[in-house]
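In case you want the letters, here they are:
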Amino acid sequence: MYKEMKARQKKEFDSLPIHAAFGDAQIKKKMDELGLSDDEHAPNYFRSMIVPLGGGCFLLKEDLPKYNALIARHEQELQAAIKADRTGSGFIKEMFIHELYNHEYGLTENAIETLVCMGMTPGTLEGNPILKKGFELACKEVKKGTVIGF
């Protein structure tokens, strides 16, 4: 459920026209690749045509609506799947198991990093009993090391 959703969403995200460039030389090269102006003010012109995503990655401003729509749809899908799990023992538990493993909870037994990456806090869990139950179930399984395939 969660793992499949994340794999599909990653494939969709990877299809976005995201580019990378580090420093003026790479910026000029990327501009040539994208068919943008190469005048003497090229780096500044280039920077006015892009939306930085961090880590040297960027989108052309014209691609921002497509990016925003995809991110919003992915978040809506995630929230719908969480809401559909009425007990916390299905999708929610699987979601937390996956992310707890990704953040090495089995070694550290510190779930804060996992929660932060998911945009949550301990208060988020306290305010949602079903989410909290799924989280607690996932933590127990990851501690036991009985989950396979993550």
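Above this text sits the structure in question.
Calculation rules
Residues numbered from 1 in each chain as written. Predicted model: local features only at pLDDT ≥ 70, side-chain atom pairs only at ≥ 80, totals over all residues. Heavy atoms only, no water. Core = buried A, V, L, I, M, F, W, Y, C linked by side-chain atoms within 4.5 Å. Buried < 20%, exposed > 50% of the residue type's maximum accessible area, 1.4 Å probe, protein only. Helix = DSSP H or I, 4+ residues; strand = E, 2+ residues; numbered from the N terminus. Contact = heavy atoms within 4.5 Å. Expected span 1.5 Å × (residues − 1). Arc of directions from axis to C-beta. Pairing = 2+ DSSP bridges.

**Section: the nonpolar core**
With 22 residues, the main nonpolar core has Phe91, Met95, Phe96, Leu100, Met120, Leu131 and Phe135 as its most contacted residues. Looking at this core, the elements that each hand over two or more residues are α1 (2–14), α4 (64–84), α5 (91–102) and α9 (129–144). Top element by residues in this core is α5. It accounts for 6 residues. When near neighbours in sequence (up to four residues on either side) are disregarded, Phe96 contacts Leu115, Met118, Met120, Leu125, Leu131, Gly134, Phe135 and Ala138. Counting residues in each nonpolar core, the second largest holds 7 residues, with Ile27, Ile50, Phe58 and Leu60 among its members.

**A closer look at the environment of Leu53**
Relative to the assigned elements, Leu53 resides in strand β2 (residues 50–54). For Leu53, a relative accessible area of 30% corresponds to the partly exposed category. In sequence terms Leu53 and Ala20 are 33 residues apart; their C-alpha atoms lie 9.4 Å from each other. Excluding anything up to four places from it in sequence, Leu53 contacts Ile18, Phe58, Leu59 and Tyr67.

**Focus on helix α2 (residues 23–34)**
Because the α-helix completes a turn every 3.6 residues, residues three or four places apart line up on one side. For α2, spanning 12 residues, the distance from its first C-alpha to its last is 16 Å, which sits close to the expected 16 Å at 1.5 Å a residue. Restricting attention to buried positions, one finds in α2 the residues Ile27, Lys30 and Met31. Axial view of α2: buried residues confined to an arc of 105 degrees, hence all on one face. In this structure, α2 carries Ala25, Lys29, Asp32 and Glu33 as exposed residues pointing more than 90 degrees from its buried face. Remark: Gly35 follows α2 within two positions and exhibits a positive phi of approximately 70 degrees.

**Re the environment of Lys6**
Within the secondary structure layout, Lys6 lies in helix α1. The exposure class of Lys6 is partly exposed, given its relative accessible area of 36%. In sequence terms Lys6 and Leu78 are 72 residues apart; their C-alpha atoms lie 9.2 Å from each other.

**Some thoughts on the environment of Met1**
Mapped onto the elements, Met1 comes out in the segment before α1. Given the relative accessible area of 53%, Met1 is considered exposed. Residues Met1 and Ile92, spaced 91 residues apart in sequence, show a C-alpha to C-alpha distance of 9.6 Å.

**Examining the sheet that holds strand β3 (residues 57–60)**
Read from one edge to the other, the open sheet built from 3 strands follows the order β1-β3-β2, with strand pairing classed as antiparallel. At either end of the open sheet lies a strand with only one pairing partner, and these are β1 (19–20) and β2. The pairing of β1 with β3 spans 2 bridges and is classified as antiparallel. Residue His19 lies in a different strand from β3, and its bridge partner there is Phe58.

**Re unusual backbone geometry**
It is generally the case that most residues other than glycine have a negative phi and that most peptide bonds are trans. At Glu104, a residue that is not glycine, the phi angle is positive and equals roughly 55 degrees. Within the secondary structure, Glu104 is located in the loop between α5 and α6 (105–108). Residue classification places Glu104 among the partly exposed positions, given a relative accessible area of 47%. You will see that Glu109, though not glycine, has its phi angle at about 55 degrees, which is positive. Tracing the chain through its elements places Glu109 in the loop between α6 and α7 (112–117).

Shape is all these values report; function is a separate question.
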